[in-house]
Amino acid sequence: MYSRRFDTPLSHFSPDALQSELFAMLDPASRTWLQVARDKILDCRTLDNAVNALMLTSAMTRRKLGEEELKYQPEGTHWQVDQAGRLLLLLTLRSIVPSAQWGELLFSLYRQFDENEKIVTVRALDWLGENHDLNPIAMETTRTNDINLFAAIALNNSYPVKYFNERAFHQLVLKALFLDLNIQQIEGLPLRQSPELTQLCVDLTEERLRAAREVPTSIWLGMRYRYLTDIAKQMYMQYVFSESEEHQHYTLLALVNNGGQDCPPEFWRKLSHLQSSMPDETRMLADRLLSEFPFKRSHSPFSTTGHSHHEIL
């Protein structure tokens with residue numbers, strides 16, 4: 001279930017609204033602790049004291065609040081109560097820090113945080129800052145060797161698509177693939193399609209094939225068919241109709257997301273012929289493609305007798 005106050009992943013948490021959501025789940029002792037923790041930050045006479053209060057209370061959050069999943073939260077996200085509590089404390093601190101100092105201060109805090117605190121910070125960058133103010137935190141996170149921390153910036157996070165330049169976004173996608181993460185979870189990936197990203201993903205695919213290594217199944221989501229070379233298009237079609245259900249699924253999903261109007265007539269004939277034998281989710285993608293681009297089928301009407309003359313291998 002999702003709160004109407006947090007109806008999209010891009011909605012900003014307000015401290016008071018977030019506290020209300022937390023209070024609805026916490027027992028009286030936990031509610032009292034959280035309120036006292038916020039008050040300790042707000043009542044400090046100096047910024048240094050407020051930062052020290054934040055560090056102390058943040059470290060205690062998991063033990064004091066527990067790890068139950070937050071019942072009401074932005075759609076598409078998964079926050080635990082302790083994580084939301086830490087975010088609330090950060091938002092509380094932000095409310096008393098001059099805007100001009102916030103980015104630098106949060107970066108300093110980030111470098112002092114433990115892994116769990118860093119993950120909360122990174123997941124909430126789009127709520128904690130404005131414009132490109134928190135790019136130093138985001139860029140440092142992309143260089144981490146900690147897969148969980150990297151996933152916090154790469155997956156289900158709106159910050160990269162909104163604030164990363166083209167090169168940084170491409171490197172994020174490639175690193176996610178190297179780490180075997182599913183790039184379907186990279187927000188806004190269809191919006192960042194480009195010939196350069198397509199070629200980077202093709203190069204990685206060819207590199208894996210030369211080394212006889214497994215090709216990441218979601219890599220096709222980083223490609224737009226119209227940007228492929230003729231040789232790369234042949235490779236793409238081989239995976240569309242391969243025996244791997246996962247590759248078949250993601251190649252078709254990429255055509256749905258990034259555009260399939262440039263696929264050849266043979267593709268549409270074979271897709272129409274094979275769609276009934278596909279797994280349910282993949283068949284739905286095939287149905288969607290065939291309904292969105294019906295003119296492609298009309299170029300070469302499907303017939304079972306003539307199909308073999310135009311086979312895509």
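Scroll up for the structure.
This structure is a prediction, so every number in the text was calculated from the model and none was measured.

Time to look at the overall build of the chain. Broken down by element type, the chain carries 17 helices and 0 strands. A total of 313 residues make up the chain; the buried ones form 50% of that total. Carbon and sulfur atoms make up 48% of the accessible area of the chain, which totals about 15,400 Å².

Another aspect to go through is the pattern of salt bridges. One pass over the full model with this rule turns up 7 salt bridges. Close ionic contact of R62 with D82 constitutes a salt bridge, the shortest N to O distance being 3.1 Å. Of this pair, R62 sits in helix α3 (residues 47-65) while D82 sits in helix α4 (residues 81-94), and the two are 20 residues apart along the sequence. Among the salt bridges present, the one from E140 reaches R111, with a minimum N-O distance of 2.7 Å. Of the two residues, E140 is situated in helix α8 (residues 135-142) and R111 in helix α5 (residues 99-112); the sequence distance between them amounts to 29 residues. For R111, a relative accessible area of 53% translates into the label exposed.

Under the 1.5 Å per step criterion, the end-to-end length of α3 is 25 Å for 19 residues, consistent within 8% with the ideal 27 Å. Where α3 bends most, the angle comes to about 35°, and this point is A59. Taken residue by residue, α3 has A50, V51, A53, L54, T57, S58, T61 and L65 as its buried positions. Buried residues belonging to α3 abut α2 (28-42), α4, α5 and α6 (115-123).

Each value, and the rule that gives it
- Residues numbered from 1 in each chain as written.
- Predicted model: local features only at pLDDT ≥ 70, side-chain atom pairs only at ≥ 80, totals over all residues.
- Heavy atoms only, no water.
- Helix = DSSP H or I, 4+ residues; strand = E, 2+ residues; numbered from the N terminus.
- Buried < 20%, exposed > 50% of the residue type's maximum accessible area, 1.4 Å probe, protein only.
- Areas by Shrake-Rupley, 256 points an atom, 1.4 Å probe, with all protein chains shown as cover.
- Salt bridge = Lys/Arg side-chain N within 4 Å of Asp/Glu carboxyl O.
- Expected span 1.5 Å × (residues − 1).
- Bend = angle between axes of the 7 residues up to and from the residue.
- Contact = heavy atoms within 4.5 Å.

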